[in-house]
Amino acid sequence: RFIAKPCAINLGIQDSGPHRAQPNAILEKVFTSITKSPDGKRLEGLSKQLDWDVRKIQRWFRHRRNQDKPTTLTKFCESMWRFTFYFSIFFYGIRFLWTAPWFWDTRQCWYNYPFQPLTSRLYYYYILELAFYWSLMFSQFTDIKRKDFLIMFVHHLATIGLITFSYMNNMVRVGTLVLCLHDASDFLLEAAKLANYAKYQRLCDAFFMLFGVVFIVTRLGIYPFWILNTTLFESWELIGPYPSWWLFNGLLVTLQVLHVIWSYLIIRTASKALVRGKVSKDDRSDVESSSEEEDVTSNSTKGIFSTSSNGSNRLNGHVAGSQWTGE
């Protein structure tokens, strides 16, 4: 409110939403009481009732869905808040871990375990991260529902479970490594979103490409060969198979599976960006495109009905295209 909004206004971002649908009592009643995405049969019936073209009705429902979505200014402020947190917590973690012996030698995570002191800096680092991921868990149900809702829900559950579990079992040393590694790329994605909302396309592309490189290096390189190696093998060697070994490593492997899925989506987006010359719109976009109407031939009733807002070229009501992926 006091920092992000003035910054957005100075960058020329207006507090105006998508095009609003013209008032229509019949369509509004259908939208609020029956369905927000009518099928072909209902579209045909509304067309006869209102004497409107089917494509005009499709367009009305698209505009009506979009007018409830947050404005670019709102999304900019949200991304700036997340960028601020990710950026701050990452460099706090780096500064703290730089002098920690287990940052340079992961075997130190298990020496004298579980009798390892919990310093105040380590405690606050853990509590801040846990509080933030709990906030993401709750806000997911109030934010606009995106295509990766289920993946993000599983990710937040696994992350909260890992932070809580490692804290209760005093595995905070290896826990700090996992947290810092995950924070390394998140602020770059939010920076790319900020540039995108401000319409700085080249800066947006640069941040996104940098995010993709850092994400893949940390999640597909450092994470499995550094983190999973110490939790799976070094811990077994130094302290033996402790009772919760399977649960702890199961959650860590779950995160690795999600890393692979997101890496695929990032690579797909980057390849499309190279072909098109720029990073395209978020595949989880909040505002729907009109492509479903524009791709329809006007002389084919069957074609019109087969491309309703839940057509085969869409996922969860969003245009299938290139993707902003991130945790």
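Residues numbered from 1 in each chain as written. Predicted model: local features only at pLDDT ≥ 70, side-chain atom pairs only at ≥ 80, totals over all residues. Heavy atoms only, no water.

## A short note on the pattern of salt bridges
Applying the stated criterion to the full structure yields four salt bridges. Notably, a salt bridge pairs Lys193 with Glu190, separated by 3.9 Å at the nearest N-O pair. Here Lys193 pairs with Glu190, and both are found in helix H9 (residues 172-197), just three residues apart, close to one helical turn. In this structure Glu190 comes out as buried when scored by relative accessible area, which is 4%. (Salt bridge = Lys/Arg side-chain N within 4 Å of Asp/Glu carboxyl O. Helix = DSSP H or I, 4+ residues; strand = E, 2+ residues; numbered from the N terminus. Buried < 20%, exposed > 50% of the residue type's maximum accessible area, 1.4 Å probe, protein only.)

## Here's the deal with the nonpolar core
Counting 54 residues, the largest nonpolar core has Leu97, Trp102, Tyr223 and Phe248 as its most contacted members. Counting only elements with at least two residues in this core, the list comes to helix H5 (72-97), helix H6 (101-104), helix H7 (120-139), helix H8 (149-168), H9, helix H10 (201-239) and helix H11 (245-276). Apart from residues no more than four positions distant in its own chain, Leu97 is found in contact with Trp102, Phe103, Trp104, Thr176, Leu177 and Cys180. (Core = buried A, V, L, I, M, F, W, Y, C linked by side-chain atoms within 4.5 Å. Contact = heavy atoms within 4.5 Å.)

## Some details on the packing of H7 against H8
Between H7 and H8, whose axes approach to 10 Å, the crossing angle comes to 155 degrees. Judged by the inter-axis angle, H7 sits roughly antiparallel to H8. Handedness of the H7/H8 crossing: left-handed. Contact residues: Tyr123, Tyr126, Glu129, Leu130, Tyr133, Trp134, Leu136 and Met137 in H7; Phe153, His155, His156, Leu157, Thr159, Ile160, Ile163, Thr164, Ser166 and Tyr167 in H8. Of the residues that constitute the contact of H7 with H8, the class distribution is 12 nonpolar, five polar and one charged. (Axes fitted to C-alpha atoms, helices over the stretch in contact; angles between N-to-C directions. Parallel < 35°, antiparallel > 145°, perpendicular 65-115°, else oblique. Left-handed = near helix turned anticlockwise from the far one by under 90°. Nonpolar A, V, L, I, M, F, W, Y, C, P; charged D, E, K, R; others polar.)

## Observations concerning empty space enclosed by the protein
Applying the stated criterion to the full structure yields two cavities of 30 Å³ or more. Space inside the largest cavity adds up to approximately 150 Å³. Lining the largest cavity we find 16 residues, and of these Leu162, Ile163, Gly175, Val178 and Leu179 sit closest to its centre. Considering each element in turn, the lining of the largest cavity owes the most residues, five residues, to H9. For the lining of the largest cavity, the class distribution of residues is 11 nonpolar, five polar and no charged. (1 Å grid on protein atoms, 1.4 Å probe; cavity = no way out; pocket = protein on both sides within 12 Å on 5 of 7 lines; lining within 4 Å. Points joined across faces, edges and corners; volume = space filled by probe spheres on them.)

## Looking at the environment of Arg107
Assignment of secondary structure puts Arg107 in the loop between H6 and H7. Overall, Arg107 belongs to the partly exposed group, its relative accessible area being 24%. Along the primary structure Arg107 and Thr230 are separated by 123 residues, whereas in three dimensions their C-alpha atoms are 6.9 Å apart. Contacts of Arg107, omitting those with residues within four sequence positions, involve Glu234, Glu237 and Leu238. Separated by 3.2 Å, the side chains of Arg107 and Glu237 make a polar contact. (Polar contact = N/O pair within 3.5 Å; in protein donor to acceptor, adjacent residues only side chain to side chain.)

## Considering unusual backbone geometry
The linkage connecting Tyr113 with the following residue, Pro114, adopts the cis geometry, with an omega of 5 degrees. Locating Pro114 in the fold gives a position in the loop between H6 and H7. Despite not being glycine, Asp51 has its phi angle at roughly 60 degrees, a positive value. Tracing the chain through its elements places Asp51 in the loop between helix H3 (40-50) and helix H4 (54-66). A residue is classified by how much of its surface remains accessible, and Asp51, at 71% relative accessible area, is exposed. Positive phi, close to 65 degrees, is recorded for Lys199, a residue that is not glycine.

## Remarks on the packing of helix H2 (residues 25-33) against H3
Their axes nearest at 11 Å, the elements H2 and H3 cross at an angle of 160 degrees. The pairing of H2 with H3 is recorded here as roughly antiparallel in orientation. H2 and H3 meet at a crossing whose hand is right-handed. Between H2 and H3, the contacting residues are Ile26, Leu27 and Val30 on the first element and Arg42, Leu46, Gln49 and Leu50 on the second. Classifying every residue of the contact of H2 with H3 gives five nonpolar, one polar and one charged.

## Regarding the UniProt feature "transmembrane region" (unreviewed entry) in the protein chain
This chain's UniProt record puts "transmembrane region" (unreviewed entry) on residues 83-103, 123-142, 207-226 and 246-267. Helix makes up 86% of residues 83-103 and strand 0%, whereas the separation of the span's terminal C-alpha atoms amounts to 24 Å. Annotated as 85% helix and 0% strand, the span residues 123-142 places its first and last C-alpha atoms 29 Å apart. (UniProt positions renumbered as here; feature names shortened; annotations may be inferred.)

## A look at the packing of aromatic side chains
Enumeration over the complete set of coordinates arrives at 31 aromatic pairs. Between the aromatic rings of Tyr123 and Tyr124, the centroid separation amounts to 5.2 Å while the plane-to-plane angle is 70 degrees, which identifies the pairing as edge-to-face. Relative accessible area serves as the criterion here: at 31%, Tyr123 is assigned to the partly exposed category. Geometrically, the ring pair formed by Trp134 and Phe138 is stacked, given 5.6 Å between the ring centres and 25 degrees between the ring planes. Highlighted residues: Trp134 and Phe138, both in helix H7, separated by four residues, approximately one helical turn. By relative accessible area, Trp134 is classed as partly exposed at 37%. By relative accessible area, Phe138 is classed as exposed at 56%. (Phe/Tyr/Trp six-rings, centres within 6.5 Å; stacked < 30°, edge-to-face > 60°.)

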